[in-house]
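# An overview of the molecular structure
For reference, the chains in residue letters:
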Amino acid sequence: MHMVMLGPGARCCCAEHVSLCRPSMPCTCDIRGGIYYEIGMFFLDMLSDLNSGRLYVLQGHPFFAGISLGVFLASSVKHGRTCLRMRDAVQASVKKGFWEEGLLSTLRDEVKFEGVAGLMLNVYGLPFAVSGWTSLASQLFTLALGIRGVMRLYSEQQLGVK
């Protein structure tokens, strides 16, 4: 780990330290590992949502597939510009030592909008998407990613992160 000084209005890279981090204090968390992990989880969640839509189609449930893909497309359109410049935002965040505001708001907003809606749909649609062990494992993994994102957002709200 290395010490990262936070600038005015900076946000710590991890929810566990957010209550401890102040602009005048050094942040001891390693932003490189945390940011790459979170971006990886962001894209993995997007891929698992697409896979859920595919499973609904394969099982003959176009209504669930339409909702799933509609929520995914709405989220993609809303955050398309940020996703296109994601690499630059990640590099800038690592260089500065704290999250870029646009990158952080994109990750949070994705969970607020797509994460909650996708989680509700996948919980309700779980029996309709499963046809075997692999589709069950895939859906449970998608549910775990959704729960992780929603709980992370909830914990940040409880810690007072705006």
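On a predicted model such as this, the values are computed, not experimentally measured, just so you know.

### What to know about the pattern of salt bridges
All chains considered together, the criterion is met by four salt bridges. The closest approach of N and O atoms between Arg148 and Glu38, which form a salt bridge, is 2.7 Å. Residue Arg148 is located in helix α6 (residues 133-158), and its partner Glu38 is located in helix α1 (residues 31-58); the two are separated by 110 residues in the primary sequence. Of the charged contacts in the structure, one is a salt bridge between Lys96 and Glu100, with a shortest N-O distance of 2.7 Å. The buried category is assigned to Glu100, whose relative accessible area is 17%. One network of salt bridges, with partners in common, ties together Glu38, Arg148 and Arg152.

### A look at the side chain of Asn122
Inspection of the secondary structure assignment puts Asn122 in helix α5 (residues 101-129). Side chain to side chain, Asn122 and Tyr56 meet in a polar contact 3.1 Å long. Once residues lying within four places of it in the same chain are set aside, the contact partners of Asn122 are Asp49, Ser52, Tyr56, Gln139, Thr142 and Leu143.

### A word on the packing of helix α2 (residues 62-78) against α5
Running from N to C, α2 and α5 cross one another at 170 degrees; their axes reach a closest spacing of 10 Å. The angle between α2 and α5 places the two elements in the roughly antiparallel class. Taking contact as the criterion, the partners of Phe64, Ile67, Ser68, Val71, Ala74, Ser75 and Lys78 in α2 are, on α5, Asp109, Glu110, Phe113, Glu114, Ala117, Leu121, Tyr124 and Phe128. Among the residues making up the contact of α2 with α5, the classes are represented as nine nonpolar, two polar and four charged.

### A closer look at the nonpolar core
Judged by nonpolar contacts, Ile35, Ile39, Phe42, Met46, Phe72, Met86, Ala89, Val90, Trp99, Leu103, Leu104 and Leu107 together constitute the single largest core of 12 residues. Only α1, α4 (86-96) and α5 provide two or more residues apiece to this core. The residues touching Leu103, leaving out its near neighbours within four places in the chain, are Ile35, Ile39, Met86, Ala89, Val90 and Ser93. Grouped together as the second largest cluster of nonpolar side chains are six residues, Tyr56, Phe64, Leu121 and Ala129 included.

### Observations concerning the environment of Tyr124
Along the chain, Tyr124 turns up in helix α5. By relative accessible area, which is 56% here, Tyr124 ends up exposed. With 60 residues separating them along the chain, Tyr124 and Phe64 place their C-alpha atoms 9.6 Å apart.

### Observations concerning the packing of aromatic side chains
Considering all chains together, one arrives at six aromatic pairs under this definition. Plain terms: the ring middles of Phe42 and Phe43 are 5.1 Å apart, the flat faces sit at 80 degrees to each other, and that makes the pair edge-to-face. Look at Phe43 and you get partly exposed, because its relative accessible area is 34%.

About the criteria used
Residues numbered from 1 in each chain as written. Predicted model: local features only at pLDDT ≥ 70, side-chain atom pairs only at ≥ 80, totals over all residues. Heavy atoms only, no water. Salt bridge = Lys/Arg side-chain N within 4 Å of Asp/Glu carboxyl O. Helix = DSSP H or I, 4+ residues; strand = E, 2+ residues; numbered from the N terminus. Buried < 20%, exposed > 50% of the residue type's maximum accessible area, 1.4 Å probe, protein only. Polar contact = N/O pair within 3.5 Å; in protein donor to acceptor, adjacent residues only side chain to side chain. Contact = heavy atoms within 4.5 Å. Axes fitted to C-alpha atoms, helices over the stretch in contact; angles between N-to-C directions. Parallel < 35°, antiparallel > 145°, perpendicular 65-115°, else oblique. Nonpolar A, V, L, I, M, F, W, Y, C, P; charged D, E, K, R; others polar. Core = buried A, V, L, I, M, F, W, Y, C linked by side-chain atoms within 4.5 Å. Phe/Tyr/Trp six-rings, centres within 6.5 Å; stacked < 30°, edge-to-face > 60°.

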